Amino acid sequence: MSIKKLPNNLKQKLIQQSLRRKYDKVDVEENKPFENLQQSDIPEKFYRFDQHPGYKQMQILNKGASQLGLDSPFFRTHDALACATTSIDGREMINFASYNYLGLNGHPEVNNASINAIKKYGTSVSGSRIMSGERPIHKELEQTIAKYYEVDDALVYVSGHATNVSTIGYLFGGKDLIIHDEYAHNSSIVGAQLSGAKRLSFKHNDLIALEELLEQHRHQFERTVIIVEGLYGMDGDYPNLPRLIELKKQYHCFLMVDEAHSFGVLGETGKGLRELYNTPGTDVDIWMGTLSKTLSGCGGFIAGESPLIDNLRYLSPGFLYSAGIPAPTAAAAIASLDLLHTEPERITHLHDISRYFLQQAQLAGLNTGPSAGIAIIPVIIGSSVKTARIAASLFEQGINVQSIIYPGVPENSARLRFFISCNHTRQQIDYTIDILKKLL
């Protein structure tokens, strides 16, 4: 385990533990052979979860946080609906930690659509869609998504993470190449690993570096896919889509855009990255998105041409062997899509209030990184310990924002990540920035 970027106090604990360690007779770190190993000789660490490296690392980090007097910011219980405000353990808070960008989760029309679907279909479709779980509402949702992207069809999965894992893992194999932005989501990385394809990453949003990789490696593989995100969840910036399309055509690649954060957020009417650049939906081979953010549900989708969607519908393991999404979830997503069209002022206000946050933060001298100032704005602190302390202080003063620390990001870019909702007010933002200035 690398400890180079850990805070000094945690580094010291790891070093001390390493010095105290007594290696077992047979140890994978020492690459000793297992051929002559007897059952009675198998070390405990290979059949006990409390000896698992991940668990031991977690204990070390928790102990370090405890010694610093920091409470865990994880698994805080929200008492009810979370949007621009929330209630945590009975305390009313300004909330910057939820994906409810357009405030559609909890919208009366979304709630009613879900309730009506429960009355008609129940809370589960009780089967995989290919066998007995298909309902008319599934196809309605997929056709509506495809219409927004102006492509042939779409397919909805029960999990956003599983959408990428299953799609990438199924479509590509050992003779293929997957090239992705270094900040690609974990789901894309796991999907690439599952596929068995060669995986390369390029520096964030550096399309010159991407082209160099394509020039050097594309001809050595059968299929090649470029994977980027429409809006990056850590930095709040987005890629140059027209240039990506040029590269994918020049090098005969597939292009996949993960719009988990960008669909419903980017563009005047929320149609995502393609609307921002006025690009036809058919110029991208694989559009991916989630239902858990602007669409007020849970799950993910793939949109594209019919051969892609039919292939996934009949053979993608994450779809084929999973139950269909519950009808109330599909209904909520359909109602949210309708509201994208009928209440565009939500998107306009999201853009306005996000820009206001960015401007005020920058005027206060805060480091907001490369954020474009739409829905996701980091305040980069540069120390995991300091970031955690500031997040805890903000919480004490009624502001809920998540700290992103090592190993989620490099130690020198530890940050507070602010998710902005169209329901946030300038007064809430002014109050937050004022406290941040004092804490920093």
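Rules used in this analysis
Once a new chain begins, its residue numbering starts again from 1 and follows that chain's sequence as written. Only residues with pLDDT of at least 70 get local features here, since the model is predicted, and only at 80 or more are side-chain atom pairs given and counted; chain-wide, interface and lining totals rely on the full set of residues. Hydrogens are left out, water is left out, and the side-chain values use all remaining heavy atoms of the structure. Here the nonpolar core consists of buried residues drawn from Ala, Val, Leu, Ile, Met, Phe, Trp, Tyr and Cys, with membership extended through side-chain atoms lying within 4.5 Å. Residue burial is assigned from relative accessible area. The probe radius is 1.4 Å, only protein chains are included, and a residue is buried under 20% of its type maximum, exposed over 50%, and partly exposed in between. Each helix is a run of DSSP H or I of at least 4 residues and each strand a run of E of at least 2, with the numbering of both proceeding from the N terminus. Two residues qualify as a contact provided that any one of their heavy atoms is within 4.5 Å of a heavy atom in the partner residue. pLDDT gives the predictor's per-residue confidence on a scale running from 0 to 100. A cavity, in this analysis, means grid points on a 1 Å lattice covering only the protein atoms where a 1.4 Å probe fits yet has no way out; a pocket is instead an open set bounded by protein on both sides within 12 Å along at least five of seven lines, and a residue lines either one if it has an atom within 4 Å of a point. Grid points are joined across faces, edges and corners, and a volume is the space filled by probe spheres set on the points. Throughout, the ten residues Ala, Val, Leu, Ile, Met, Phe, Trp, Tyr, Cys and Pro are labelled nonpolar, Asp, Glu, Lys and Arg are labelled charged, and all others, Gly among them, are labelled polar. In short, DSSP must find at least two bridges between two strands for them to pair. Two N or O atoms form a polar contact when they lie within 3.5 Å of each other; inside protein one atom must be a possible hydrogen donor and the other a possible acceptor, and for residues adjacent in sequence the pair counts only when both atoms belong to side chains. Each axis is a line fitted through C-alpha atoms, and for a helix only the stretch in contact is used; angles between axes span 0 to 180 degrees, taken between their N-to-C directions. In this scheme the crossing of two helices becomes right-handed for a clockwise turn of the near helix relative to the far one and left-handed for an anticlockwise turn of less than a right angle.

### Regarding the nonpolar core
Leu141, Ile145, Leu210, Leu255 and Leu291 are the most contacted members of the largest nonpolar core, which has 64 residues in total. Counting residues per element, this core draws most heavily on helix α13 (residues 327-342), which supplies ten residues. The contact partners of Leu141, leaving out residues within four places of it in the chain, are Val156, Leu291, Ile325, Ala330, Ala333, Ile334 and Leu337. Membership of the second largest hydrophobic core comes to 23 residues, among which are Phe357, Leu394, Val401 and Leu416.

### Here we look at the confidence of the model for the chain
On average, the chain scores 91 in pLDDT, and the residues at 70 or more come to 92%. Under a pLDDT of 50 for its full length, residues 11-31 has, in the predicted model, 33 contacts with residues more than four places off or in other chains.

### A word on empty space enclosed by the protein
To find leftover empty space, one rolls a probe the size of a water molecule over the atoms. A full pass over the atoms with the stated rule returns two cavities of 30 Å³ or more. In this structure, the largest cavity occupies an estimated 50 Å³ of space. If you go around the largest cavity, the residues you meet are Arg129, Val156, Tyr157, Val158, Gly318, Phe319, Ser322, Ala323, Gly324 and Ile325. Contributions of two or more residues to the lining of the largest cavity are made by β3 (153-157) and α12 (317-320). Class assignment for the residues of the lining of the largest cavity results in six nonpolar, three polar and one charged. Size it by volume and the second largest cavity reaches roughly 40 Å³.

### A look at the pairing of strand β2 (residues 91-95)
Bridge analysis of strand β1 (residues 85-88) against β2 gives four bridges, and the strand direction is antiparallel. Each bridged residue has a counterpart across the sheet, and for Thr86 the counterpart in β2 is Met93. Connecting the antiparallel pair β1 and β2 is a turn made up of two residues, with Asp89 showing a positive phi of about 50 degrees. As defined by bridge partners, β2 adjoins strand β11 (residues 399-400) across two bridges and the pair is classed as parallel. Looking at the pairing, Ile94 lines up with Ile399 of β11.

### Overview of the side chain of Thr86
Tracing the sequence through the fold places Thr86 in strand β1. In this structure the side chain of Thr86 is engaged in a polar contact, spanning 2.7 Å, whose partner is the side chain of His78. Excluding its chain neighbours within four sequence positions, the residues that come into contact with Thr86 are His78, Leu81, Arg91, Glu92, Met93 and Asn95.

### A few points about the sheet that holds strand β4 (residues 177-181)
Taken together, seven strands build an open sheet; the order of strands is β3-β9-β8-β7-β6-β4-β5 and the sheet is mixed. This sheet does not close on itself; its edge strands, each paired only once, are β3 and β5 (198-202). Within the sheet, the average angular offset between the axes of one strand and its neighbour, ignoring direction, is 20 degrees. Pairing geometry for strand β7 (residues 254-258) and strand β8 (residues 286-290), over three bridges, is parallel. Within the sheet, the bridge partner assigned to Asp258 lies in β8 and is Met288. Strands β3, β8 and β9 (300-304) of the sheet are contacted by helix α5 (residues 136-149), whose axis makes an angle of about 125 degrees with β3.

### Brief notes about the side chain of Ser354
On the secondary structure map, Ser354 appears in helix α14 (residues 345-363). Judged by its relative accessible area of 0%, Ser354 is buried. Filtering out sequence-adjacent residues up to four positions away, Ser354 remains in contact with Gly373, Ile374, Ala375, Ile377 and Ile420.

### Some remarks on the packing of helix α3 (residues 108-121) against α13
Here α3 crosses α13 at 150 degrees, and the two axes come no closer than 8 Å. As for the relative orientation of α3 and α13, their crossing is right-handed in sense. Mapping the contact onto sequence places Glu109, Val110, Ala113, Ser114, Ala117, Ile118 and Tyr121 in α3 and Ala327, Pro328, Thr329, Ala331, Ala332, Ala335, Ser336 and Leu339 in α13. When the residues that make up the contact of α3 with α13 are grouped by side-chain class, the tally is eleven nonpolar, three polar and one charged.

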